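# Observations on the model geometry
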Amino acid sequence: MSRADRLTELLDREGLDLLLVTDLTNLRYLTGFTGTNGMAVVGREHRRFVTDFRYVEQAAAQVTEFDREEGPRDFVTALGGGWPEGAKRVGFEDHKVSIRQHARIREVMPAGIELVPAGALVEELRAVKEAQELDAIRAASQLADAALTTILERGVVGRPEREIALELEHEMRRQGADEPSFASIVASAERGARPHAGASGEPIPAGTLLTIDWGAKLDGYCSDCTRTFATGEVSDELAEIYALTQRAQQAALDAVAPGPTGAEVDRIARDIISAEGHGEHFGHGLGHGVGLEVHEGPTLSAQRGDDALVSGHVVTVEPGIYIPGVGGVRIEDLAFVTVDGHDVATGLSKDLQIIT
Ligand code: ZN
Ligand code: ZN
């Protein structure tokens, strides 16, 4: 069954005749199209794809299961016609469409068709991966691991964080990545206490912790991993929060399997960290889904982790402890939920390693 066929099952559930797909990532997922201007309309017997003249040739090669059509550059205009008979309720991606775009779509569409907010239906499909998607994510993870290994071999202490981030991103591309999944985080010393620190122009000192959070995108699919290293002997306090984060990360990772909700897996890591008095230093959720986007469903967090894990989910497990003014630790793995447990895509050691 094609992805579009599976989408129509969700349309039935939602009482929709058709879905208008305008989000480019969702469009790629459904049609294979990787250009930057296009849309699709999907229904039970209806597979319509519209792009403008710049992408006609590309679409002919990529979009094989849809009726392709060339529209004007402002391709939304094409929605003035082409509707199948009896179309009444058409869903749109209200979490992605701007108010202006919505007004424009409403303006050109026939008055008799109702435009209904449909939410994240394609994202719901995307959360459960197919075998070929898992292969792509695994390959992206392996590439990212290899790139970091190369960078660490060159030495990092005394060099600016930003230079390491830049070299890492260059190395990922050199090894064949489309691009980095996101701007790499390279954060040492007290900067490591900020979960989304980025990379500063400051040199990486000896005798502290260094957190690197990086990922590669390969064939459109992302990887995501974090490791924290010691740049020499570190204080007892830093060594303790490292050991505690590692214990919490492993316990939560061990629980990744079909069954528990994202909130329940989050709770496992949070309880371990809170029991040692660091609950307030773990201020973010445990993890997130990864696929065509580096953050997608499902969510592993206390507030938004209602969904139970199922086979095919790809999730990160990334607890952290951040002590303002002192430093921080985060350890992140990328795990595939299997029928009876999980596989881990990220391969680098999680024992505290001293690097120079
Ligand atoms: Zn990450
Ligand atoms: Zn992550």
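Now for a description of the structure that goes with this document. (Residues numbered from 1 in each chain as written. Chains lettered and ligands numbered in written order. Predicted model: local features only at pLDDT ≥ 70, side-chain atom pairs only at ≥ 80, totals over all residues. Heavy atoms only, no water.)

### Comments concerning the coordination of the zinc ion (ligand 2)
Looking at the zinc ion (ligand 2), one finds its protein donor set to be Asp224 (OD), His288 (NE2), Glu318 (OE) and Glu332 (OE), positioned 2.1 to 2.2 Å from the metal centre. One can describe the donor arrangement at the zinc ion (ligand 2) as irregular, given that its four donor atoms subtend angles of 78 to 150 degrees at the metal. One chain supplies every donor for the zinc ion (ligand 2), spaced along it as D-x63-H-x29-E-x13-E. For the pair the zinc ion (ligand 2) and the zinc ion (ligand 1), the metal-to-metal distance amounts to 3.1 Å, and Asp224 bridges them. Placement of the pair is His288 in strand E13 (residues 287-289) and Glu332 in the loop between strand E17 (327-330) and strand E18 (333-337), with a sequence separation of 44 residues. Glu332 matches His288 in its accessibility class, with the two residues each being buried. (Donors = N, O, S within 2.8 Å, 3.2 Å for Na, K, Ca; no water. Tetrahedral: all angles 85-135°; square planar, octahedral: opposite > 155°, others 65-115°. Helix = DSSP H or I, 4+ residues; strand = E, 2+ residues; numbered from the N terminus. Buried < 20%, exposed > 50% of the residue type's maximum accessible area, 1.4 Å probe, protein only.)

### A look at the packing of helix H8 (residues 236-254) against helix H9 (residues 262-275)
Packed helices, taken two at a time, are described by the angle between their axes plus the distance between the axes. The interhelical angle for the contact between H8 and H9, taken along N-to-C directions, is 155 degrees, at an axis separation of 8 Å. Between H8 and H9, the angle is such that the two are roughly antiparallel. Once H8 is placed against H9, the crossing between them reads as right-handed. Note on element contacts: H9 touches H8 through Val265, Ile268, Ala269, Ile272 and Ile273, opposite Leu244, Arg247, Ala248, Ala251 and Ala252. (Axes fitted to C-alpha atoms, helices over the stretch in contact; angles between N-to-C directions. Parallel < 35°, antiparallel > 145°, perpendicular 65-115°, else oblique. Left-handed = near helix turned anticlockwise from the far one by under 90°. Contact = heavy atoms within 4.5 Å.)

### Description of the pairing of strand E5 (residues 89-92)
Note: strand E1 (residues 18-21) against E5, three bridges, orientation parallel. Each residue of the ladder has a partner; that of Leu18, found in E5, is Val90. Pairing geometry for E5 and strand E6 (residues 114-117), over four bridges, is parallel. Considered in E6, the bridge of Phe92 is made with Pro117. A crossover links E5 with its parallel partner E6, the connecting element being helix H4 (residues 99-108), and its sense is right-handed. (Pairing = 2+ DSSP bridges. Right-handed = clockwise from strand over helix to strand, strands pointing away.)

### A short note on the coordination of the zinc ion (ligand 1)
Looking at the metal site, the zinc ion (ligand 1) is ligated by Asp213 (OD), Asp213 (OD), Asp224 (OD) and Glu332 (OE), spaced 2.0 to 2.7 Å from it. In this structure, the zinc ion (ligand 1) is surrounded by four donor atoms whose angles at the metal cover 53 to 150 degrees, and the resulting shape is irregular. Written as a sequence motif, the donor arrangement for the zinc ion (ligand 1) is D-x10-D-x107-E. Taking the relative accessible area as the measure of exposure, Glu332 reaches 0% and is therefore buried.

### Some details on the pattern of salt bridges
On inspection of all chains with the given rule, the structure shows 32 salt bridges. Among the ionic pairs, Arg3 bridges to Glu130, the shortest N-O distance being 2.8 Å. In this pair, Arg3 sits in helix H1 (residues 3-14) while Glu130 sits in the loop between helix H5 (121-126) and helix H6 (131-153), placing the two residues 127 residues apart along the sequence. Of the residues examined, Arg3 reaches a relative accessible area of 17% and is grouped as buried. (Salt bridge = Lys/Arg side-chain N within 4 Å of Asp/Glu carboxyl O.)

### A short note on the sheet that holds strand E9 (residues 209-214)
Taking strand neighbours across the sheet as the criterion, the three strands line up as E8-E9-E12 in an open arrangement whose pairing is antiparallel. One side of each edge strand has no neighbouring strand; the edge strands of this open sheet are strand E8 (185-188) and strand E12 (225-230). Shown here is a sheet whose adjacent strand axes are inclined to one another by a mean of 15 degrees, direction ignored. The pairing of E9 with E12 spans six bridges and is classified as antiparallel. Each bridged residue has a counterpart across the sheet, and for Asp213 the counterpart in E12 is Thr226. The strands touched by H6 are E9 and E12; relative to E9, the strand with the most contacts, the crossing angle is about 145 degrees.

### Topic: the packing of aromatic side chains
Applying the stated criterion across every chain yields a total of two aromatic pairs. On the numbers, 5.0 Å between centres and 65 degrees between planes, the contact of Phe33 with Phe49 is edge-to-face. With Phe33 in the loop between helix H2 (24-31) and strand E2 (38-43) and Phe49 in strand E3 (residues 47-51), the pair connects residues that are 16 residues apart, well separated along the chain. With respect to burial, Phe33 and Phe49 carry one shared label: buried. For the pair Phe33 and Tyr55, a centre-to-centre distance of 5.5 Å together with 90 degrees between the ring planes defines the contact as edge-to-face. One end of the pair, Phe33, is in the loop between H2 and E2; the other, Tyr55, is in the loop between E3 and helix H3 (56-62), with 22 residues separating them in the sequence. (Phe/Tyr/Trp six-rings, centres within 6.5 Å; stacked < 30°, edge-to-face > 60°.)

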